[in-house]
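The lines below spell out each chain.
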Amino acid sequence: MKEILVLAEHRLGKLKDVTFEVLTKGRKLAQENNARLTAVVIGYDIDPLGEELAYYADEVLIYDDYKVKEFHSEYFRQVLSHIILDRKPEVILIPHTSYGLELAPSLAIELNIPIITDVLEISFENGRFVVIREYFGGKLKAKVTLRESPRYIATVRVGVSKSEKNESKGQVTKMQNLDLMDIPYKRVIGLIKPPPEAVDISSAGIIVAVGRGIGDAKNLPLIEELSKVIGGVIACSRPVVDMKWLPKERLVGLSGKVVKPKLYLAIGISGQFYHVYGMMNSELIIAINKDPNAPIFGVADYGIVEDLFKVVPQLISKIYGKMYGEENK
Amino acid sequence: MDIIVCVKSVPITTGAELIPDKTRKDVILDNIPFDINEWDEYALEEAIRLKERFGGNVTVISVSSRDIDEAILKCLAKGADRAIKIVDKLVAEYDAYTIAKILYTVIKSMKYDLILCGAQAGDDGYALVGVMLASLLRIPYVTFVKRLELINGSLRTVRELEEGFEEIVEVELPALLTVQTGINEPRYASIMAIRKARQKEIITLDLKSINFAESNFDGWIEIQEFFTPERRKKCIMLQGDLNEITTKVVEILRQKGILR
């Protein structure tokens, strides 16, 4: 094997953490298969990013062009296609992100390269490209192979691998600008930054989080009461925001906040990865869920398989009773 | 505005214990209900809202292994005008690329302004079919769309990034969008409307009738073996009656200094 290529992702002049995670994963695969690891960074005015990436790869390719100032999947695809056709890497790794998923499937179709997404582990076994990934919202995992091909594309899950810097720097190569075909039918207008927020859940020490399991917005006051007696802040998983029961500033997960409180009480949350990503490093996780097979129990320290509408009121009265009792002593 | 919505019927696995079958390449889903994929439900709602504002037709397309598909009836009950079903017994074995090629074969000769797909499916989570279909059709696309607006014949979309960021992208029609959950609040279909939906136009096709070439069955993804994931932590399950459980919780919180 010759080369493993990793696409670096960056926003507002900074490389995203996932870039280093994917590069570290790529390096392991490269070492196992005697291949070189190459990072590709595409953007405008990005030399410093190239220098930073050099600590994570054998070579960094910088494509610096005003045309790719914004992430535009069709221009990025043209640049990557050129690089792949030119260098013929065996594996192309792309972060499993909003950008990655706008780009990777079309690259696969254009170049006829088998693709697999959201992978946790990658390896070659007897010449076959093998990955491990989740199915059914994390209830099962599977070992998956791709059809034999000279090269493969995989998008790699965010936040599940370590990133390790090398001692020495790899070579940095600035690419010549390409004559990119104009794409008048798709225009990237610009970024919208998250709006200022009334509450910052990421600094809370105690978080009481709710999910789809609360069933209706009218059940929120019960959870708010628990949060009050325990001295916590209310947060939630994605369906609760989708259904407009709570504002987005309360969202924990990939598209919201990453939190590390002393206590994370997960109530009626199934534990899909895009939520778990945001809370898995909490000091203490207690989960209440009716479904004994809910993936949330895979990250919790303590689990309660029960109806939350039975547990929560009892918990409130126990904690409240305790406080009240002590005050009277 | 004529809109096509691609819909997948998926197993609703909340509460279920999933077990691989003897071959381990498949999962036993016999007693598990199927419903419209959650992301597709938002895509359909968006299509119906566009139709209500600008007129036109909404066609739902689904590749399905089931002859009677409640999910499709539900789509029609909610307001889709007609459904095209491509029925094949082996659908569960086809990977995203094969499904995209089947959809492409049907859609390429249709007239449409917009194609909407869910951003991903709840069962496999691939997030591949939408963009693959757009690439095969060679039409512009935007993924993870959270808002959209029609301005002078172009679509202005807001797509979702991570950490609360969003991005504005404009595309010319015809285009394909993959829709993120939360873009709207999907309506419910009444049992009455579902019953009436059978009267709407449902076109049933199979791979033969759409001339889907044998050579197209060269999927990329092959599942070798399902297995139950190991837990990241050893979770201690609190046992007993409600009183015992809540007492334990309070004890734990006191030990950890969270409650005094």
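Time to look at the overall build of chain B. Along chain B, the regular secondary structure elements total 6 helices and 13 strands. Across its three principal directions, the C-alpha atoms of chain B cover 65 × 45 × 40 Å. Counting only residues that meet the buried cut, chain B has 45% of its 260 residues in that class. Taking as baseline every contact in chain B between residues at least 6 positions apart, the subset at least 24 positions apart corresponds to 71%.

The subject of this paragraph is the sheet that holds strand 12 (residues 186–192) of chain A. The 10 strands are arranged 12(A)-9(B)-8(B)-7(B)-10(B)-6(B)-1(B)-4(B)-5(B)-11(B) in an open sheet whose pairing can be described as mixed. Strands at the two margins of the open sheet, each flanked by one partner only, are strand 12 of chain A together with strand 11 (201–205) of chain B. Strand after strand, the sheet turns through a mean of 30° between neighbouring axes, direction not considered. Taken together, the 3 bridges between strand 7 (residues 141–151) of chain B and strand 10 (residues 175–179) of chain B define a ladder with parallel strand orientation.

Now for the environment of T178(B). All names here are of chain B. Among the structural elements, T178 can be located in strand 10. Looking at T178, the number of C-beta atoms within 10 Å reads 29, which means it is buried. Through-space distance from the C-alpha of T178 to that of G130 is 6.1 Å; in sequence the pair is 48 residues apart. With residues up to four places along the chain from it excluded, the contact list for T178 reads C117, G118, A119, G130, V131, T143, F144 and V145.

Read from one edge to the other, the open sheet built from 6 strands follows the order 14(A)-13(A)-15(A)-16(A)-17(A)-13(B), with strand pairing classed as parallel. The strands lining the two open edges of the sheet, one partner per strand, are strand 14 (233–236) of chain A together with strand 13 (236–237) of chain B. Of the strand pairs in this sheet, strand 13 (residues 206–210) of chain A and strand 14 of chain A are connected by 4 bridges, and their pairing is parallel. Looking at the pairing, V208(A) lines up with I234(A) of strand 14 of chain A. In the packing of helix 5 (residues 220–230) of chain A onto the sheet, the strands contacted are strand 13, strand 14 and strand 15 (263–267) of chain A, and the crossing angle to strand 13 of chain A comes to about 170°.

Turning our eyes to something else, we now look at the pairing of strand 9 (residues 166–172) of chain B. Consecutive side chains of a regular strand alternate in pointing toward one face of the sheet and then the other. Sheet topology places strand 12 of chain A next to strand 9 of chain B; 6 bridges connect them, and they run antiparallel. Following the sheet pairing, L191(A) is matched in strand 9 of chain B by E167(B). Inspection of the sheet shows strand 8 (residues 154–160) of chain B paired to strand 9 of chain B by 7 bridges, in the antiparallel sense. The partner of V158(B) across the bridge, within strand 9 of chain B, is I168(B). The hairpin turn running from strand 8 of chain B into strand 9 of chain B, its antiparallel successor, is 5 residues long, and E163(B) in that turn takes a positive phi close to 55°.

Residue and element names in this part refer to chain A. Each assigned domain of chain A is listed with its residue range as follows: domain 1 (3–174) and domain 2 (201–327). Using only C-alpha atoms to locate each centre, domain 1 and domain 2 end up separated by 35 Å. Each partner contributes to the interface: domain 1 provides 6 residues, whereas domain 2 provides 8 residues.

So, about the nonpolar core. Counting residues in hydrophobic clusters, the biggest one holds 187 residues, and the most contacted among them are V6(A), A209(A), I267(A) and V5(B). Residues lining this core come from more than one domain, with at least three contributed by each of domain 1 (3–174) and domain 2 (201–327) of chain A. Among residues more than four places away in sequence, those in contact with V5(B) are A43(B), L44(B), A47(B), V58(B), V60(B), A80(B) and L116(B).

A few words now on the interface of chain B and chain A. If you look at the interface, chain B gives 67 residues, while chain A gives 72 residues. Counting only elements with at least two residues in the side of chain B that touches chain A, the list comes to helix 4 (129–137), strand 7, strand 8, strand 9, strand 12 (221–227), strand 13 and helix 6 (242–255) of chain B. Split by residue class, the side of chain B that touches chain A holds 34 nonpolar, 15 polar and 18 charged. Relative to strand 13 of chain B, strand 17 (residues 302–304) of chain A runs parallel, the two being bridged by 2 bridges.

We now examine the confidence of the model for chain B. On average, residues of chain B score 94 in pLDDT, and 100% of them are at 70 or above. Across the assembled chains, the prediction reports ipTM 0.95 with pTM 0.95.

Cut-offs used in this document
- Residues numbered from 1 in each chain as written.
- Chains lettered and ligands numbered in written order.
- Predicted model: local features only at pLDDT ≥ 70, side-chain atom pairs only at ≥ 80, totals over all residues.
- Helix = DSSP H or I, 4+ residues; strand = E, 2+ residues; numbered from the N terminus.
- Buried ≥ 20, exposed ≤ 12 C-beta atoms within 10 Å, placed from the backbone.
- Contact = placed C-beta atoms within 7 Å.
- Pairing = 2+ DSSP bridges.
- Axes fitted to C-alpha atoms, helices over the stretch in contact; angles between N-to-C directions.
- Domains from an automatic or database assignment.
- Core = buried A, V, L, I, M, F, W, Y, C linked by C-beta atoms within 7 Å.
- Nonpolar A, V, L, I, M, F, W, Y, C, P; charged D, E, K, R; others polar.
- pLDDT = per-residue confidence, 0-100.

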